[in-house]
Amino acid sequence: MEKVVSKTKTPTKVAETKSTTKFSKETYIKWFESMLLMRKFEEKTGQLYIQQKIRGFCHLYIGQEALVAGSESVLRREDRVITAYRDHAHPIGRGLHPKYIMAEMMAKVTGCSKGKGGSMHIFSKEFNFFGGHGIVGGQIPLGAGIAFADKYNGNDNVTLCYMGDGAVRQGALHEAFNMAMLWKLPVIFIIENNNYAMGTSVERTSNVHDLWKLGLSYEMPSKAVDGMTCEAVHEAIEEAVARARKGDGPTLLEMKTYRYKGHSMSDAQTYRTKDEVKEYQAQDPIEKVLATIKVNKWMTDAQIEAAEQKVEDIVAESVKFGEESPYPAADELFKDVYVQEDYPFIIE
Ligand SMILES: Cc1ncc(C[n+]2csc(CCOP(=O)(O)OP(=O)(O)O)c2C)c(N)n1
Ligand SMILES: [Mg+2]
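These remarks concern the structure in this document.

Reading the values: the criteria
Residues numbered from 1 in each chain as written. Chains lettered and ligands numbered in written order. Predicted model: local features only at pLDDT ≥ 70, side-chain atom pairs only at ≥ 80, totals over all residues. Near = placed C-beta within 6 Å. Nonpolar A, V, L, I, M, F, W, Y, C, P; charged D, E, K, R; others polar. Buried ≥ 20, exposed ≤ 12 C-beta atoms within 10 Å, placed from the backbone. Helix = DSSP H or I, 4+ residues; strand = E, 2+ residues; numbered from the N terminus. Pairing = 2+ DSSP bridges. Right-handed = clockwise from strand over helix to strand, strands pointing away. Axes fitted to C-alpha atoms, helices over the stretch in contact; angles between N-to-C directions. Contact = placed C-beta atoms within 7 Å. Arc of directions from axis to C-beta. Parallel < 35°, antiparallel > 145°, perpendicular 65-115°, else oblique. Left-handed = near helix turned anticlockwise from the far one by under 90°.

**Thoughts on the site of ligand 1**
- Close to ligand 1 lie 14 residues; Val136, Gly164, Gly166, Ala167 and Ala197 are nearest.
- Residue composition of the shell around ligand 1, by class: six nonpolar, five polar and three charged.

**Topic: the pairing of strand β2 (residues 159-164)**
- Where burial is concerned, most of β2 is hidden: six out of the six residues are buried.
- Residues Thr159, Cys161 and Met163 line one face of β2 and the alternating positions Leu160, Tyr162 and Gly164 line the opposite face, and both faces are buried.
- As judged from the three bridges shared by strand β1 (residues 80-82) and β2, these two strands associate in the parallel manner. Within β2, the residue paired with valine 81 across the bridge is leucine 160.
- Sheet analysis places β2 next to strand β3 (residues 187-193), joined by six bridges and oriented parallel. Within β3, the position partnered with leucine 160 by the bridge is isoleucine 188.
- Between the parallel pair β2 and β3, the chain is carried across by helix α7 (residues 172-182), and the sense of this crossover is right-handed.

**With respect to the sheet that holds β3**
- Taken in spatial order, the five strands line up as β1-β2-β3-β7-β6 in an open sheet, and their pairing is parallel. Only two strands of the sheet have a single neighbouring strand rather than two, namely β1 and β6 (222-226). On average, each strand axis in the sheet is inclined to that of its neighbour by 20 degrees, with strand direction left out of account.
- Lying on the sheet, helix α6 (residues 139-153) is in contact with β1, β2 and β3; it crosses β2 at an angle near 175 degrees.

**Examining α7**
- Those residues of α7 not exposed but buried are Leu173, Ala176, Phe177, Ala180 and Met181. Relative to the axis of α7, the buried residues are bounded by an arc of 125 degrees and lie together on one face.
- Those residues of α7 hidden inside the fold are in contact with α6 and β3.
- Count one or two residues on from α7 and you reach lysine 184, which has phi positive near 50 degrees.

**Some details on unusual backbone geometry**
- Note the cis peptide between glycine 131 and glycine 132, where omega equals 20 degrees.
- Not every positive phi belongs to a glycine, and asparagine 128 is a case in point at roughly 55 degrees.
- With 20 C-beta atoms packed within 10 Å, asparagine 128 lands in the buried category.

**Considerations on the pairing of β6**
- For β6 and strand β7 (residues 251-256), the ladder comprises five bridges, and the chain directions are parallel. For valine 225, the partnering residue across the bridge sits in β7 and is methionine 255.
- Following the chain from β6 across helix α8 (residues 230-245) to the adjacent parallel β7, one finds a crossover that is right-handed.

**Some points on the packing of helix α2 (residues 25-50) against helix α11 (residues 301-324)**
- At their nearest, the axes of α2 and α11 sit 9 Å apart, and the two run at 40 degrees to each other. The orientation of α2 with respect to α11, classified from their angle, is oblique. In the crossing of α2 with α11, the sense of the turn from one axis to the other is right-handed. Contact residues: Phe32, Glu33, Leu36, Leu37, Lys40, Phe41 and Lys44 in α2; Ala307, Glu308, Val311, Glu312, Ile314, Val315, Ser318 and Val319 in α11.
- Its residues assigned to classes, the contact of α2 with α11 shows nine nonpolar, one polar and five charged.

Purely geometric stuff here, so don't read any function into it on its own.
Now the structure itself:
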C-alpha cells in the first residue's frame, strides 16, 4: 500500500515533471487556490453540520476537486455547468462567492436559492451554474436541453454536464445521448466515477465497468481520464470543448476520481477499507499541484502561507455571513412556486 503524501513532502513523480509541464505558473496557482478553497470550505461545512448549524442532506466533494479546477481552467464564464447534489465545489469553481453557498446551507434568505434549496440546490444565474439536482440522473437531459438552447440561439457556448457513476444507470442517459449526438449538441458529459453510488460499487451495478464505453453505442467520442490530476482533466476538457464549440457535438469523459468522505453526512462506510481511502489520498490533487509549484519555485513558503490564510479568511467570512443573515419570512413559502391563480379545478 502506498503511503499518504504528507503536507510537506514533495512526491518524486511530480518533481520529474518539472521541465515538461506545458501549463503556466498562473494556472497552477489558480488550481491550488481554487481547490484549497473548495476543500477548506467543505471541511468547515462538515463541522457545521455536526453542530447542526447546517441541516438536511449534505454531500461533500472532498477528493474530487481536480475535476472542477481542471475544467474551469478551460471554460469561459458564458459556458454552462450543471451537476447533481454534490454541488458545492462547482459553483465555487465558477466564481460564486462561497458565502452564498454557506447561507443557503444554513437556510438563510441571503443564500443563492433564497434559503429554500439547501445543500443540494445551489444555483447561480450570474455564473451560469444550473444546479444542484437531487434526482439521480435528472440533470443529464437538462444538460442536453441547455446545450440545445445554445445551439438554437446560434452562440458557441458549451455545457458541462456532470453526473455520478450511479447516475449512468438511469435510462434517461440513453435518450439524452442519442439526441445530443443526433443534433450534435455542444455538451460534454462528465462522469465523476468515484466508484460508489452510496454504498454500491460500479462492479455491483452492471456488467459494464468501463463507463466511457456507454458513449460508443451512439458513436460519441468517449474516453477515460485521470480525475485526480488537474493537467489530465484540463487536456481532456480542452479537446472536448474545442469539438463542441466548432459544432462537432458532444463528448463523454469518464473521470476516475474518489471521494474521501462518506456518501453524505451519515455513512458508516462499511463498503470500503481505510486502506483504499488512503491509496487515493496519496494521489491528492491539491498536494500534487502544490508539489509542482514548490519544485518550480513558483511560490515562496510565505506566499503559500498567505494563500492559505486568504482561503481561511474567505471561509470565516462565509460562516459569519451565513450566521448573521436572517431566515426567510413565512410568506416566502408561497413565492417561487408554480401557482396558476385562475386554476379552474379547485372549488373553495
Ligand atoms: C432517481 C433517484 N434514485 C435514487 C436516489 C437516492 N440516491 C441519492 S444519491 C444516490 C447515489 C448516486 O451515486 P452517484 O451517481 O455515483 O453519485 P455520487 O454520490 O457518487 O456523487 C442514490 C441512489 C435519488 N436521489 N434519485
Ligand atoms: Mg459515485
